[in-house]
Amino acid sequence: MSLPNLDALQVIADPSRRQILQLLTQETYNINALAENFDMSRPAVSKHIKILQQAGFISIQEIGRERHCVLNQKGFNDVKALISHFDQFWENKLSKLETILNKKKD
Amino acid sequence: MKTEINHKWFYSQAPEEIWMYLTEPELIAQWIMPNDFKLLLGHHFTFRTNPIPSLNLDGIFHCKILEIVPLKKLVYSWKGGPGNNETIFDTIVEWTLEKKDNGTELRLLHTGFKEENVSILTGMTEGWLKKMEKIENLLNEK
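Here we summarise the structure given alongside this text. (Residues numbered from 1 in each chain as written. Chains lettered and ligands numbered in written order. Predicted model: local features only at pLDDT ≥ 70, side-chain atom pairs only at ≥ 80, totals over all residues. Heavy atoms only, no water.)

### Some words on the packing of helix α2 (residues 15–26) of chain A against helix α4 (residues 42–54) of chain A
Residue and element names in this part refer to chain A. Under the convention used in this document: With axes taken as lines fitted to C-alpha atoms, and helix axes fitted only over the stretch in contact, angles between N-to-C directions fall between 0 and 180 degrees. Numbering of helices and strands starts at the N terminus; helices are DSSP runs of H or I of at least 4 residues and strands are runs of E of at least 2. Orientation categories follow fixed angle ranges, with anything under 35 degrees roughly parallel, anything over 145 roughly antiparallel, 65 to 115 roughly perpendicular, and all other angles oblique. The criterion used for residue contact is that any of the two residues' heavy atoms lie within 4.5 Å. Side-chain classes are defined by residue name, with Ala, Val, Leu, Ile, Met, Phe, Trp, Tyr, Cys and Pro counting as nonpolar, Asp, Glu, Lys and Arg as charged, and the others, Gly among them, as polar.
Close contact between α2 and α4 brings their axes to 10 Å; oriented N to C, the two are set at 70 degrees. What the angle tells us is that α2 and α4 run roughly perpendicular. Mapping the contact onto sequence places Ser16, Arg17, Ile20 and Leu21 in α2 and His48, Ile49, Ile51 and Leu52 in α4. Here the residues of the contact of α2 with α4 are counted per class, giving 5 nonpolar, 2 polar and 1 charged.

This is how it looks when you write it as structure tokens:
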């Protein structure tokens, strides 16, 4: 099955694919469970999943014999990196202020 | 997931002195970053440091003063991104000073980190999905 080459905008312009993403914000689904939420055939759902996967929106993890769809974690990881950066940043700054204030006193 | 930063620090100086270090540009620059801060409600200013490529930040933080309670509280917004007015996070920095017997307790609360701030392309939020629908409608109308 050949997949159309879509840009990110085209990928999520499709209502079914948006719905898949929305379902996956709640929990992970295997492909069959995901397909039950739609009127279309399982191969049709499968194709949407492949398109989402190819565009980097979701990834598929094999757990035992089942294939689970999960939202790509990149977005979450980016936030974590940002928070941990500023967490450290502020701690360093507060400590630096203490050093500056105490130096002045001497 | 943790979405805020919270720090508490005790200084043996009086609130008046700590307040100066929060509100005078030259003093702020000594411990935070070069800036064009002005203690004026609604004033827009920037903090400038070197780019942080690993976080996709150009090192210029855009801020706006949101609240001033002299010697007690200072709140400003804190935005950043890769440049070209693109914002990947839009947060709030809140400073609170509390006078203690032998000094000042300074509290920092940095809030507003959200997934959608940095995961625009992963399209995980409902709000954003709605926006996409709107774009789709506009495209279809054409």
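### A word on the nonpolar core
To keep things clear, this is the line we draw: Note on terminology: a nonpolar core comprises buried Ala, Val, Leu, Ile, Met, Phe, Trp, Tyr and Cys residues joined through side-chain atoms within 4.5 Å. The buried label applies to any residue whose accessible area, calculated with a 1.4 Å probe on protein chains only, is under 20% of its type's maximum; exposed applies above 50%, and partly exposed to all values in between.
Counting 41 residues, the largest nonpolar core has Phe86 and Trp90 of chain A together with Ile32, Phe47, Tyr76, Trp78 and Trp95 of chain B as the members making the most contacts within it. No other element matches the 10 residues that helix α5 (residues 74–105) of chain A contributes to this core. Residue contacts for Ile32 of chain B: discarding those within four places in its chain leaves Phe89, Trp90 and Lys93 of chain A together with Phe47, Tyr76 and Trp95 of chain B. The next biggest cluster of nonpolar side chains, apart from the first, holds 20 residues, and it includes Val45, Leu52, Ile58 and Cys69 of chain A.

### Looking at the sheet that holds strand β3 (residues 66–71) of chain A
Residues and elements named next belong to chain A. Keep this limit in mind: Note: two strands are recorded as paired if DSSP finds a minimum of 2 bridges between them.
Strand order across the open sheet formed by 3 strands is β1-β3-β2, with antiparallel pairing between neighbours. Each end of this open sheet is capped by a strand with a single partner; those strands are β1 (29–30) and β2 (58–63). By the bridge criterion, 6 bridges tie β2 to β3 in an arrangement that is antiparallel. Bridge pairing in β3 links Ile63 to Glu66.

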